[in-house]
Amino acid sequence: MADMAPEFSRPVIADKVSARESVEKITAGPAERAALAKRLDLVSLDSLTALVRLRRIRGGQMVRVTGELEAEVVQSCVVTLEPLPAHVRDTFQALFAPAHLVPKDEDELDNLGLDDEADPPEPIENGRIDIGELVAQHLSLALDPYPRKADAERFVHVEDWEGEGEFPDAPNEPPPDMDAGEDAESPVGAAPSTPDAEGGEKPNPFAALAKLRPKT
């Protein structure tokens, strides 16, 4: 089965990259942005541009790619699912080499003498380096993995609260003795229970919330 074409493809012929740095400015079109938004689980990708620099290094054996990307994205808040616009800006770098020079283990990687912070080189496939796909991969890494609206805590439900910190909108009464029996006193200021239609007592909602508060 043939590999699917990248959503944002800008191939560069590797043999045309020289020791003198070349610069490419690339911009994603509407169809490419829509396809990338689907791939990256975005509400929308309103813009994506990148400035990419390529240069041969290590005696011409490898190609170093560096660049900066900028994007306007709309993600979904992980709490409210509301649209959350964001501006993304990031820098990146990568090494590319012929397949026979790509290290197969740590010993071969050490023999290359790369900087400690440098990633292993990626193989040059079919004589081309796809700088568009490289930008798409680094955009994915630059996105906020847990986008949240500033006031998202207001929408946390009782059943989602795990007892850490203050429960949103909880009353300020001191918590009751959790080990007390049914005759334990109600929290100060709590409204008394009221009889229901069948003559029993309805549970006091404020007392129930107070029991959820952690002990201090």
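Above this text sits the structure in question.
Quantities reported herein were computed from a predicted structural model and do not represent experimental measurements.

Secondary structure summary: the protein chain contains four helices and seven strands in total. Its helices and strands in sequence order give the protein chain the pattern β-β-α-β-β-β-α-β-β-α-α, from N to C terminus. Relative to all contacts within the protein chain whose residues are 6 or more apart in sequence, the contacts with residues 24 or more apart total 66%. For the protein chain, the computed accessible surface area is about 14600 Å², with 49% contributed by carbon and sulfur atoms.

A few words on the nonpolar core. Judged by nonpolar contacts, the single largest core of 32 residues is most densely connected at Leu45, Leu48, Val52, Val65, Val135 and Leu139. Broken down by secondary-structure element, the contributors of at least two residues to this core are α1 (30-39), β3 (44-57), β4 (62-76), β5 (83-97) and α3 (131-142).

Moving on, we get to the pattern of salt bridges. Per the counting criterion, the structure on display carries five salt bridges. The shortest N-O distance in the salt bridge between arginine 10 and glutamate 32 comes to 2.8 Å. A residue pair is termed long-range when its members are at least 10 positions apart, and arginine 10 in the segment before β1 (11-13) and glutamate 32 in helix α1 qualify at 22 residues. Assessed through its relative accessible area of 24%, arginine 10 is described here as partly exposed. Notably, a salt bridge pairs glutamate 21 with arginine 53, separated by 4.0 Å at the nearest N-O pair. Of this pair, glutamate 21 sits in the loop between β1 and β2 (22-27) while arginine 53 is found in strand β3, placing the two residues 32 residues apart along the sequence. When its relative accessible area of 43% is taken as the criterion, glutamate 21 is described as partly exposed. Members of the salt-bridge network, linked through shared partners, are Glu7, Arg39 and Glu133.

A few words on the layout of surface pockets. If you add up the space inside the largest pocket, you get close to 460 Å³. For the largest pocket, the lining is made up of 17 residues, of which Pro6, Glu125, Arg128, Asp130 and Glu133 are closest to its centre. The set of elements that each furnish at least two residues to the lining of the largest pocket consists of β6 (122-123), β7 (128-130) and α3. For the lining of the largest pocket, the class distribution of residues is eight nonpolar, three polar and six charged.

What counts as what
- Residues numbered from 1 in each chain as written.
- Predicted model: local features only at pLDDT ≥ 70, side-chain atom pairs only at ≥ 80, totals over all residues.
- Heavy atoms only, no water.
- Helix = DSSP H or I, 4+ residues; strand = E, 2+ residues; numbered from the N terminus.
- Contact = heavy atoms within 4.5 Å.
- Areas by Shrake-Rupley, 256 points an atom, 1.4 Å probe, with all protein chains shown as cover.
- Core = buried A, V, L, I, M, F, W, Y, C linked by side-chain atoms within 4.5 Å.
- Buried < 20%, exposed > 50% of the residue type's maximum accessible area, 1.4 Å probe, protein only.
- Salt bridge = Lys/Arg side-chain N within 4 Å of Asp/Glu carboxyl O.
- 1 Å grid on protein atoms, 1.4 Å probe; cavity = no way out; pocket = protein on both sides within 12 Å on 5 of 7 lines; lining within 4 Å.
- Points joined across faces, edges and corners; volume = space filled by probe spheres on them.
- Nonpolar A, V, L, I, M, F, W, Y, C, P; charged D, E, K, R; others polar.

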